[in-house]
Amino acid sequence: MAEKRDITRHKKRLSLRFGTTTPTRLAYTEDVSAHGLFIKTTNLCPPGTRIQVELTLPDEEPVFLEGMVRWTKKVPPQMIHLVKKSGMGVMITKFIAGEMAYRQFIDELHAKTGHSLPPAPLRSPETP
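Residues numbered from 1 in each chain as written. Predicted model: local features only at pLDDT ≥ 70, side-chain atom pairs only at ≥ 80, totals over all residues. Heavy atoms only, no water.

**Student:** Talk me through the pattern of salt bridges; I want residue IDs and the actual numbers.
**Tutor:** One pass over the full model with this rule turns up 3 salt bridges. Note that Glu66 and Arg50 form a salt bridge whose closest N and O atoms lie 3.8 Å from each other. Here Glu66, found in strand 6 (residues 62-73), pairs with Arg50, found in strand 5 (residues 50-56); they are 16 residues apart in sequence, far enough to count as distant. Its salt-bridge partner being Arg103, residue Glu99 comes within 3.6 Å of it at the nearest N-O pair. In this pair, Glu99 and Arg103 are both assigned in helix 1 (residues 99-113), 4 residues apart and thus about one turn of the helix distant. (Salt bridge = Lys/Arg side-chain N within 4 Å of Asp/Glu carboxyl O. Helix = DSSP H or I, 4+ residues; strand = E, 2+ residues; numbered from the N terminus.)

Right, dumping it as structure tokens:
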């Protein structure tokens, strides 16, 4: 099945913490985009769950955001390093702090890969 969304994802491993009320669980991104990120973890939240994310950019700039889990792929903990996608896809719904730094980071990734996209507005969690 072909990809329906027009979203440029960038493979990027960034350190983060996440949680439903407070970001306490340690994890990493596998890829990032202007609209969301994939969190590599065995501590999954069900699709539809709103989570808080504290993300650390390569320049150590912190980004705090709220997102909604859109999909998950559960993998046994001993297999997480062997499977390409194991974790959850998260759509960014709101930035709490660091939005400009995150947008600039994504723009720099686009420039490195030859993609030039206009700034992406956040989508409502109700938008499919």
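That was the structure; now back to the text.
**Student:** Account for the nonpolar core, with residues named and values stated.
**Tutor:** The biggest cluster of nonpolar side chains holds 25 residues, and the ones touching the most others in it are Phe18, Ile39, Ile51 and Tyr102. When residues of this core are traced back to their parent elements, those giving at least two are strand 2 (15-19), strand 3 (25-32), strand 4 (36-40), strand 5, strand 6, strand 7 (87-97) and helix 1. The leading source of residues in this core is helix 1, at 5 residues. Apart from the residues lying within four places of it in its own chain, the contact partners of Ile51 are Phe18, Gly19, Thr20, Ile39, Cys45, Leu65, Glu66, Gly67, Val69, Met88 and Val90. (Core = buried A, V, L, I, M, F, W, Y, C linked by side-chain atoms within 4.5 Å. Buried < 20%, exposed > 50% of the residue type's maximum accessible area, 1.4 Å probe, protein only. Contact = heavy atoms within 4.5 Å.)

**Student:** With reference to specific residues and values, describe the pairing of strand 6.
**Tutor:** As judged from the 7 bridges shared by strand 5 and strand 6, these two strands associate in the antiparallel manner. Bridge pairing in strand 6 places Glu54 opposite Phe64. Pairing of strand 6 with strand 7, which is carried by 9 bridges, proceeds in the antiparallel orientation. Across the sheet, residue Gly67 finds its bridge partner in strand 7, namely Ile92. (Pairing = 2+ DSSP bridges.)

**Student:** Describe in detail the side chain of Thr49, supporting the description with residues and values.
**Tutor:** Here Thr49 lies in the loop between strand 4 and strand 5. Residue Thr49 is classed as buried on the basis of its relative accessible area of 17%. In contact with Thr49, not counting residues within four places along its chain, are Thr20, Gly67, Met68 and Val69.

**Student:** How would you summarise unusual backbone geometry if you had to cite specific residues and measurements?
**Tutor:** Here the phi dihedral of Glu60 falls at roughly 70°; this positive angle occurs in a residue that is not glycine. Residue placement: Glu60 occurs in the loop between strand 5 and strand 6.

**Student:** How would you summarise the pairing of strand 5 if you had to cite specific residues and measurements?
**Tutor:** Sheet topology places strand 2 next to strand 5; 4 bridges connect them, and they run antiparallel. Pairing of Phe18 across the sheet is with Val53, part of strand 5. In this antiparallel pair of consecutive strands, strand 5 and strand 6, the connection spans 5 residues, and Glu60 shows a positive phi of 70°.

**Student:** Could you give an account of a negative patch on the surface, naming the residues involved and the relevant values?
**Tutor:** On the surface, a cluster of negative charge is contributed by Asp59, Glu60, Glu61, Asp107 and Glu108. With respect to the helices and strands, Asp107 occurs in helix 1. (Patch = residues over 30% accessible without salt bridge, like charges linked within 9 Å, V, L, I, M, F, W, Y side chains within 5 Å. Areas by Shrake-Rupley, 256 points an atom, 1.4 Å probe, with all protein chains shown as cover. Lys, Arg positive; Asp, Glu negative; His and termini not counted. Charge placed at Lys NZ, Arg CZ, Asp CG, Glu CD.)

**Student:** Which residues make up the packing of aromatic side chains, and what are the values?
**Tutor:** Inspection of every chain in the model, using the stated rule, returns 2 aromatic pairs. The interplanar angle of 45° and the centroid separation of 5.5 Å between the aromatic rings of Phe95 and Tyr102 together place this pair among those described as tilted. Note on Phe95: relative accessible area 12%, which makes it buried. Geometry around Tyr28 places Arg13 over its ring, the cationic atom sitting 3.7 Å from the centre. (Phe/Tyr/Trp six-rings, centres within 6.5 Å; stacked < 30°, edge-to-face > 60°. Lys NZ or Arg CZ within 6 Å of the ring centre and 35° of its normal.)

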